[in-house]
Amino acid sequence: METDYNSMDESNNSETENQSEFKDFEDVKDMRIEAEAVVNDVLFAVSNMFVSKSLPCVEDVAYINVETREKNRYCLELTEAGLRVVAYDFDQVDDSLQNPYHETVYSLLDSVSPAYREAFGNALLQRLEALESDGQS
């Protein structure tokens, strides 16, 4: 049996492929937005923290400068793999450093700053006490 060529089949296939490509594009995270969220999340527990303006922020990498309460400075690299220390000063990348990636900023800061750990614990305790007092009112 002979079948006719149907141009609709081709257009449906290419539309599906285009949607698939668009979905892949949507899945790519803008690391600058992620970096800003990281900063806003833990700024209360460090002396200073901001997204680097001099190092490149692209779709797959961003750099965050952080100064701990102990006055130690770090430049952090944020990628899909996580966060890691790439230098011991702001706006620097030392390629010779081979520091491990941390899944979260909390884990990284917990490993380098006892004062961060204490500030985070105190903030958590205050939130719990606030919830308890709200429950009693």
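Please read all numbers here as calculations on a predicted model, not as lab measurements.

Engineer: I'm lost on the layout of surface pockets in this one. Help?
Structural biologist: In this structure, the largest pocket encloses a volume near 220 Å³. Contributing to the lining of the largest pocket are 15 residues, with Glu34, Val38, Leu78, Leu83 and Glu103 lying nearest its centre. Of all the secondary structure elements, the ones that give two or more residues to the lining of the largest pocket are helix 2 (31-42), strand 3 (73-79), strand 4 (82-87) and helix 3 (105-112). Here the lining of the largest pocket gets 5 residues from one element, more than from any other, and that element is helix 2. Split into classes, the residues belonging to the lining of the largest pocket amount to 7 nonpolar, 3 polar and 5 charged.

Engineer: Looking at this structure, I do not really get the pairing of strand 3. What am I missing?
Structural biologist: Residues in a regular strand project their side chains so that they alternate between the two faces of the sheet. Across the 7 residues that make up strand 3, a large majority, 6, are buried. In the sheet, strand 2 (residues 62-67) pairs with strand 3 via 6 bridges, with the strands oriented antiparallel. Counted as the bridge partner of Val66 is Tyr74 from strand 3. In textbook terms, the turn of a hairpin is the stretch between consecutive antiparallel strands, and for strand 2 and strand 3 this stretch comprises 5 residues, one of which, Lys71, has a positive phi near 75°. Pairing of strand 3 with strand 4 involves 5 bridges; the strand directions are antiparallel.

Engineer: Would you mind showing me how to read the pattern of salt bridges here?
Structural biologist: Pairs can form between side chains of opposite charge whenever their charged atoms are close. Under the criterion given, the structure shown has 3 salt bridges. Between Asp89 and Arg73 there is a salt bridge, with the nearest N and O atoms lying 3.7 Å from each other. A residue pair is termed long-range when its members are at least 10 positions apart, and Asp89 in the loop between strand 4 and helix 3 and Arg73 in strand 3 qualify at 16 residues. The salt bridge involving Asp110 is made with Arg117; its shortest N-O contact spans 2.7 Å.

Engineer: For this particular structure, what's the right way to read the environment of Val46?
Structural biologist: Along the chain, Val46 turns up in the loop between helix 2 and strand 1 (48-51). Those residues in contact with Val46 that sit more than four places away from it in its chain are Val66, Glu67, Arg69, Leu109 and Tyr116.

Engineer: Can you help me understand the packing of helix 2 against helix 3 in this one?
Structural biologist: Between two packed helices, both the angle of their axes relative to each other and the distance between the axes serve to describe the pair. Put simply, helix 2 and helix 3 touch, their axes get as near as 11 Å, and they point 55° apart. Classed by the angle they form, the pair helix 2 and helix 3 counts as oblique. Every pair of crossing elements has a handedness; the one defined by helix 2 and helix 3 is right-handed. Across the interface between the two elements, Val38, Asp41 and Val42 from helix 2 touch Val105, Tyr106 and Leu109 from helix 3. Broken down by class, the residue content of the contact of helix 2 with helix 3 amounts to 5 nonpolar, no polar and 1 charged.

Engineer: Please explain the sheet that holds strand 1 as it appears in this structure.
Structural biologist: One open sheet accounts for 4 strands, arranged 1-2-3-4; its pairing is antiparallel. Every other strand in the sheet has two partners, leaving strand 1 and strand 4 as the edge strands with one partner each. For this sheet the average axis-to-axis angle between neighbouring strands, irrespective of direction, equals 25°. Contacts between helix 2 and the sheet are confined to strand 1, strand 2 and strand 3, with strand 1 contributing the most and set at about 165° to the helix. Running at roughly 40° to strand 4, helix 3 makes contact with strand 1, strand 2, strand 3 and strand 4 of the sheet.

Parameters at a glance
Residues numbered from 1 in each chain as written. Predicted model: local features only at pLDDT ≥ 70, side-chain atom pairs only at ≥ 80, totals over all residues. Heavy atoms only, no water. 1 Å grid on protein atoms, 1.4 Å probe; cavity = no way out; pocket = protein on both sides within 12 Å on 5 of 7 lines; lining within 4 Å. Points joined across faces, edges and corners; volume = space filled by probe spheres on them. Helix = DSSP H or I, 4+ residues; strand = E, 2+ residues; numbered from the N terminus. Nonpolar A, V, L, I, M, F, W, Y, C, P; charged D, E, K, R; others polar. Buried < 20%, exposed > 50% of the residue type's maximum accessible area, 1.4 Å probe, protein only. Pairing = 2+ DSSP bridges. Salt bridge = Lys/Arg side-chain N within 4 Å of Asp/Glu carboxyl O. Contact = heavy atoms within 4.5 Å. Axes fitted to C-alpha atoms, helices over the stretch in contact; angles between N-to-C directions. Parallel < 35°, antiparallel > 145°, perpendicular 65-115°, else oblique. Left-handed = near helix turned anticlockwise from the far one by under 90°.

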